[in-house]
Amino acid sequence: MTNQKPTATCRLKQDYMRLKRDPVPYITAEPLPSNILEWHYVIKGPEDSLYYGGYYHGTLLFTKEFPFKPPSIYMTTPNGRFKTNKRLCLSISDFHPDTWNPAWSVATILTGLLSFMLETTPTMGSCETTPYEKRRYAQQSLEFNMKNEVFQELFPEICEEINERLQKIEEQRKQAAASAEDGSNGTESTAGETETSDGSVFVAGRSGADDSNIWHSLYTNLIVLVGFVVFALIVHYVIKSMNI
């Protein structure tokens, strides 16, 4: 009697090899070495979306009946679109076994998840946030993911990308701080303008121009004051002459 491997194991191994051979844009996925039924994925925010710059980590939990039953889908990284560590109600998840198609693969599931993430349609497990909040979550996702040991173990190449980006961000912060300090001390930087980490432009102060503006203002005010005094003296003289 021959021993056959469970259907789920065979199918997931096939899906894994397909993903390695034909990667899905913006998506990376790896099963746990100790349990092929638990997959971890990372979605990189597309360039034309509010999630650009973010790395969103989550899990797919398959049953032994896969591919005849859909997986549970979770998002781990705060993102502004889905609640964290909550089962997501999607047509490709175990919330809707009636709409599940056994022909769908891991790549299909994750492609569908990304597509729904870029929409605004509400569902169980989704949340509403402003565009600003989504961009903030994208920035914060870098440090958040680096605190996750499973993330670091399964996605070493992505961790290298994140570390490089964190270093660049820190360098930009130091440059912006140095430029701001030069401006507060009244010194003019050689470039004149410095782009800060948040994309804004810092313009160094010009003390000579400021001093010129101050003297011009004082001179103008003095002329107005002298004119007012002369006018008051003339009025006083006229009134005194009429009384005589």
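To be clear, the structure that these remarks concern was listed above.
Residues numbered from 1 in each chain as written. Predicted model: local features only at pLDDT ≥ 70, side-chain atom pairs only at ≥ 80, totals over all residues. Heavy atoms only, no water.

Mapped onto the elements of the fold, Glu 30 is located in strand E1 (residues 27-32). Exposure remark for Glu 30: the relative accessible area of 14% places this residue in the buried category. Polar contacts involving the side chain of Glu 30 include one to the side chain of Lys 20, which spans 2.6 Å. Those residues in contact with Glu 30, other than ones at most four positions away along the chain, are Tyr 16, Lys 20, Glu 38, Trp 39, His 40, Leu 154 and Phe 155. (Helix = DSSP H or I, 4+ residues; strand = E, 2+ residues; numbered from the N terminus. Buried < 20%, exposed > 50% of the residue type's maximum accessible area, 1.4 Å probe, protein only. Polar contact = N/O pair within 3.5 Å; in protein donor to acceptor, adjacent residues only side chain to side chain. Contact = heavy atoms within 4.5 Å.)

Further remarks concern helix H1 (residues 7-21). Compared with an ideal rise of 1.5 Å per residue, which puts 15 residues at 21 Å, H1 spans 21 Å between its outermost C-alpha atoms and is within 8% of the ideal. Of all the positions in H1, only Ala 8, Thr 9, Arg 11, Leu 12, Asp 15 and Leu 19 are classed as buried. Down the axis of H1, the sector holding all buried residues measures 165 degrees, keeping them to one side. What points out from H1, more than 90 degrees from its buried face, is the exposed set Met 17 and Arg 21. Among the structural elements, E1, strand E2 (35-44) and helix H2 (106-117) are those in contact with the buried residues of H1. (Expected span 1.5 Å × (residues − 1). Arc of directions from axis to C-beta.)

Counting across every chain of the model gives eight aromatic pairs. Seen in terms of ring centroids, Tyr 16 and Trp 39 are 5.9 Å apart; in terms of plane orientation they differ by 70 degrees. Their pairing is edge-to-face. Placement of the pair is Tyr 16 in helix H1 and Trp 39 in strand E2, with a sequence separation of 23 residues. Residue class for Tyr 16 comes out partly exposed when judged on its relative accessible area of 26%. On the basis of relative accessibility, which here comes to 1%, the residue Trp 39 falls in the buried class. (Phe/Tyr/Trp six-rings, centres within 6.5 Å; stacked < 30°, edge-to-face > 60°.)

Note that the residue after Phe 66, namely Pro 67, is joined by a cis bond; omega there is 15 degrees. One can find Pro 67 in the loop between strand E3 (55-61) and strand E4 (72-75). Positive phi outside glycine occurs at Tyr 26, with the angle close to 70 degrees. Counting through the fold element by element, Tyr 26 comes out in the loop between H1 and E1. Positive phi outside glycine occurs at Asn 85, with the angle close to 60 degrees. Among the secondary structure elements, Asn 85 is positioned in the loop between E4 and H2. The class of Asn 85 is exposed, set by a relative accessible area of 53%.

Attention shifts here to the sheet that holds E2. Taken together, the four strands give an open sheet; going across it, the order is E1-E2-E3-E4, and neighbouring strands pair in antiparallel fashion. Each edge of the open sheet carries a strand with a single partner, namely E1 and E4. Within the sheet, the average angular offset between the axes of one strand and its neighbour, ignoring direction, is 25 degrees. Inspection of the sheet shows E1 paired to E2 by six bridges, in the antiparallel sense. (Pairing = 2+ DSSP bridges. Axes fitted to C-alpha atoms, helices over the stretch in contact; angles between N-to-C directions.)

Take the nonpolar core next. In summary, soluble globular proteins display a tendency toward joint burial of nonpolar side chains. In this structure, Trp 39, Tyr 41, Leu 60, Phe 62, Ile 73 and Leu 113 are the most contacted members of the largest nonpolar core, which totals 31 residues. Elements represented by at least two residues in this core include exactly H1, E1, E2, E3, E4 and H2. Top element by residues in this core is H2. It accounts for seven residues. Those residues within four positions of Phe 62 in sequence are excluded, and the remaining contacts are Leu 12, Leu 37, Trp 39, Pro 71, Val 106 and Ile 109. (Core = buried A, V, L, I, M, F, W, Y, C linked by side-chain atoms within 4.5 Å.)

By secondary structure assignment, the location of Leu 19 is in helix H1. For Leu 19, a relative accessible area of 12% translates into the label buried. With 11 residues separating them along the chain, Leu 19 and Glu 30 place their C-alpha atoms 9.5 Å apart.

As enumerated under the stated definition, the model contains six salt bridges in all. The closest approach of N and O atoms between Arg 18 and Asp 15, which form a salt bridge, is 2.8 Å. Here Arg 18 pairs with Asp 15, and both are found in helix H1, just three residues apart, close to one helical turn. We note a salt bridge from Lys 44 to Glu 161, for which the minimum N-O separation is 3.1 Å. With Lys 44 in strand E2 and Glu 161 in helix H5 (residues 156-184), the pair connects residues that are 117 residues apart, well separated along the chain. (Salt bridge = Lys/Arg side-chain N within 4 Å of Asp/Glu carboxyl O.)

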